[in-house]
Amino acid sequence: MEIHLQVSFSSRLTFSASLAELKGRLGGDSLFVIDSSIVHLFPDIPAERIFLFNGEKEKDFETVGRCLTWLLSCGATRQTKLVAVGGGATTDFAAFAASVFHRGMRLVMVPTTLLSMVDSAVGGKTAVNLAAKNTVGSFYPAEEIVIVREFLSTLGPVEKASGKAEMVKLALIRGGELARKVLRGDDLTTDESIRLAIKEKLEIVSEDLTDTLGKRIVLNWGHTFGHAIEHAYGLPHGLAVAAGMVLEQRWAEKAGACDLFPSEKVEYLLALNGVGTDTRTYIEDNLWKKLVFMDKKREFEKISIVYLVDLGKTGIICRDLNDILKDLEDLR
Ligand SMILES: NC(=O)c1ccc[n+]([C@@H]2O[C@H](COP(=O)([O-])OP(=O)(O)OC[C@H]3O[C@@H](n4cnc5c(N)ncnc54)[C@H](O)[C@@H]3O)[C@@H](O)[C@H]2O)c1
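The structure displayed is predicted, hence computed values, not measured ones. (Residues numbered from 1 in each chain as written. Predicted model: local features only at pLDDT ≥ 70, side-chain atom pairs only at ≥ 80, totals over all residues.)

(A) Spotlight on the overall build of the protein chain. In terms of regular secondary structure, the protein chain is built from twelve helices and eleven strands. The C-alpha radius of gyration computed for the protein chain amounts to 20 Å, which stays within 12% of the reference 20 Å derived for 332 residues, consistent with globular compactness. Summarising its shape, the C-alpha atoms of the protein chain cover approximately 60 × 40 × 35 Å along the three principal directions. Counting across all 332 residues of the protein chain, residues that qualify as buried make up 44%. Long-range contacts, defined here as pairs at least 24 residues apart, represent 69% of the contacts in the protein chain between residues at least 6 apart. (Helix = DSSP H or I, 4+ residues; strand = E, 2+ residues; numbered from the N terminus. Rg over C-alpha atoms; globule rule 2.2 N^0.38 Å. Buried ≥ 20, exposed ≤ 12 C-beta atoms within 10 Å, placed from the backbone. Contact = placed C-beta atoms within 7 Å.)

Next comes the structure, spelled out in structure tokens:
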């Protein structure tokens, strides 16, 4: 199945029926960055055509340097296709390397976690970690994103829930068919659900590819508190964002936002779709609260927090960091 989405940059979204079909499609002259935990699925690719990537701990400049040196040693040109196969850490890393190799080589993403299928591989943001997470990156959309649902069969429940959390977020901020699925608690790992989530994200991103017009800010719902939680407790990205969605909604309630979608309902819908949030623990614990200042979207001392007004409708509250920190002391 192949779907063309009309966006301001050109990315082709393809659903491959199986891993075998994917292998048939990948050109023999491509080069690969593959997550080491799934490289055994590709015994037919010659070892010298693979750059083995060992996950988040290698999402750094030293490894980018090694990867670029390897590309040169392979005789790669701007026309060579670099195929990134792995979760969000792999696709962020490979996309960054592709964006700077000869100022940009061809790039194909094969995301292998649910989170990377619906989020990290979609939207053109690349990143590596320098001193902190995702501090360096570029905007470089892949020419093709290939979804192979078979990869999900080896994914653990926590990683699946992490991806579902971002899908629930997209559903609630956008409304529409994906939201209907979330309200019913339908299976979010079908090709149809994945396609809907990607479509919703691309529609937001296509209006503001380089994140300069403020249109992408709605995607940040749950991320101000979520990033602090992710950093404090080492939680998978989506699960931290899920807790962040409930807590930011709760904060907006306390901050006096009127007519808003109740935080309990956000928590219920996440749970209905298999995403636990454990917000009681975070409300009581202070560790993450001190890290809210790390928000990348902070403008001097002000932070903009997104909240849900209703299904498909968001609002934004801009507050002083110190006021937010004070509110967090009493979030109950
Ligand atoms: N670029 C963006 O817009 C964007 C958005 C959100 C998150 N991210 C980034 O994405 C990363 C998180 O993504 P992630 O959750 O996919 O993390 P990940 O890439 O670290 O993968 C999570 C784990 O799953 C394993 N794995 C991958 N595919 C598998 C499979 N098919 N079966 C079993 N195990 C598999 C990996 O080895 C890893 O241990 C972070 O680095 C985050 O910064 C980027």
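(B) Region of the structure containing the pairing of strand β3 (residues 31-35). Here β3 lies mainly inside the structure; five of its five residues are buried. Side chains L31, V33 and D35 of β3 all project onto a buried face; the interleaved residues F32 and I34 project onto the opposite face, where all are buried too. Examined bridge by bridge, β3 and strand β5 (residues 81-86) share four bridges and lie parallel to one another. From the neighbouring strand, L31 faces β5, where its bridge partner is L82. (Pairing = 2+ DSSP bridges.)

(C) Spotlight on the site of the ligand. Surveying the vicinity of the ligand reveals 29 residues, the closest of which are G87, G88, A89, T113 and S120. Breaking the shell around the ligand down by element, the ones donating at least two residues are α3 (88-100), α4 (114-120) and α5 (157-174). In terms of residue class, the shell around the ligand is made up of seven nonpolar, 15 polar and seven charged. (Near = placed C-beta within 6 Å. Nonpolar A, V, L, I, M, F, W, Y, C, P; charged D, E, K, R; others polar.)

(D) Structural view of the environment of S153. Position of S153 relative to the elements: it lies in the loop between β9 (144-147) and α5. Each C-alpha atom, one on S153 and one on T113, is 9.8 Å from the other, the two residues being 40 residues apart in sequence.

(E) The domain arrangement of the protein chain, seen in detail. When cut into domains, the protein chain gives domain 1 (2-155) and domain 2 (177-186 + 213-329). Here the C-alpha centre of domain 2 lies 29 Å away from the C-alpha centre of domain 1. (Domains from an automatic or database assignment.)

(F) Expanded view of the nonpolar core. If you look at the biggest cluster of nonpolar residues, it comprises 90 residues, and the most contacted ones within it are V33, L82, A84, V110, V118 and V168. When residues of this core are assigned to their parent elements, the largest contribution, ten residues, is made by helix α9 (residues 237-254). A domain split of this core shows at least three residues from each of domain 1 (2-155) and domain 2 (177-186 + 213-329). (Core = buried A, V, L, I, M, F, W, Y, C linked by C-beta atoms within 7 Å.)

(G) α9, seen in detail. The end-to-end C-alpha distance of α9 is 25 Å, a good match for the 26 Å that 18 residues give at a rise of 1.5 Å each. Taking burial as the measure, the 18 residues of α9 include 16 buried ones, the bulk of the element. Phi turns positive one or two residues past the end of α9, at G256, with a value near 90 degrees. (Expected span 1.5 Å × (residues − 1).)

(H) How the structure looks around the packing of α5 against helix α7 (residues 191-206). Packing of α5 against α7 leaves a shortest axis separation of 10 Å and a crossing angle of 60 degrees. The orientation of α5 with respect to α7, classified from their angle, is oblique. The way α5 lies across α7 gives a crossing that is left-handed. Here M167, L170 and R174 of α5 lie close against α7, whose contacting residues are S193, A197, E200 and K201. (Axes fitted to C-alpha atoms, helices over the stretch in contact; angles between N-to-C directions. Parallel < 35°, antiparallel > 145°, perpendicular 65-115°, else oblique. Left-handed = near helix turned anticlockwise from the far one by under 90°.)

(I) Quick look at the pairing of strand β4 (residues 50-53). Alternating residues of β4 divide into F51 and F53, all buried, and I50 and L52, none buried. Bridge count between β3 and β4: four bridges; the pairing is parallel. Across the sheet, the residue bridging to F32 is I50, located in β4.

(J) Region of interest: α3. If you check α3, its first and last C-alpha atoms are 18 Å apart, about what 13 residues at 1.5 Å a residue would give, namely 18 Å. Along α3, eleven of the 13 residues are buried, which leaves the element largely enclosed by surrounding structure. Turning to α3, its buried residues number three or more, namely G88, A89, T90, T91, D92, F93, A94, A95, F96, A97 and A98. Of the residues trailing α3, H102 is marked for its positive phi of about 50 degrees.

(K) Structural view of the packing of α5 against helix α6 (residues 176-184). Where α5 contacts α6, the axes come no closer than 8 Å and their chain directions differ by 120 degrees. With respect to α6, the element α5 is oriented oblique. For the crossing formed where α5 meets α6, the hand is left-handed. In contact with V168, L170, A171, L172 and R174 of α5, α6 contributes G176, L178, A179 and V182. Across the contact of α5 with α6, the residue classes tally to seven nonpolar, one polar and one charged.

(L) Layout of the environment of D278. Its place among the elements puts D278 in the loop between α10 (263-272) and α11 (279-284). Residues D278 and A240, spaced 38 residues apart in sequence, show a C-alpha to C-alpha distance of 9.9 Å.

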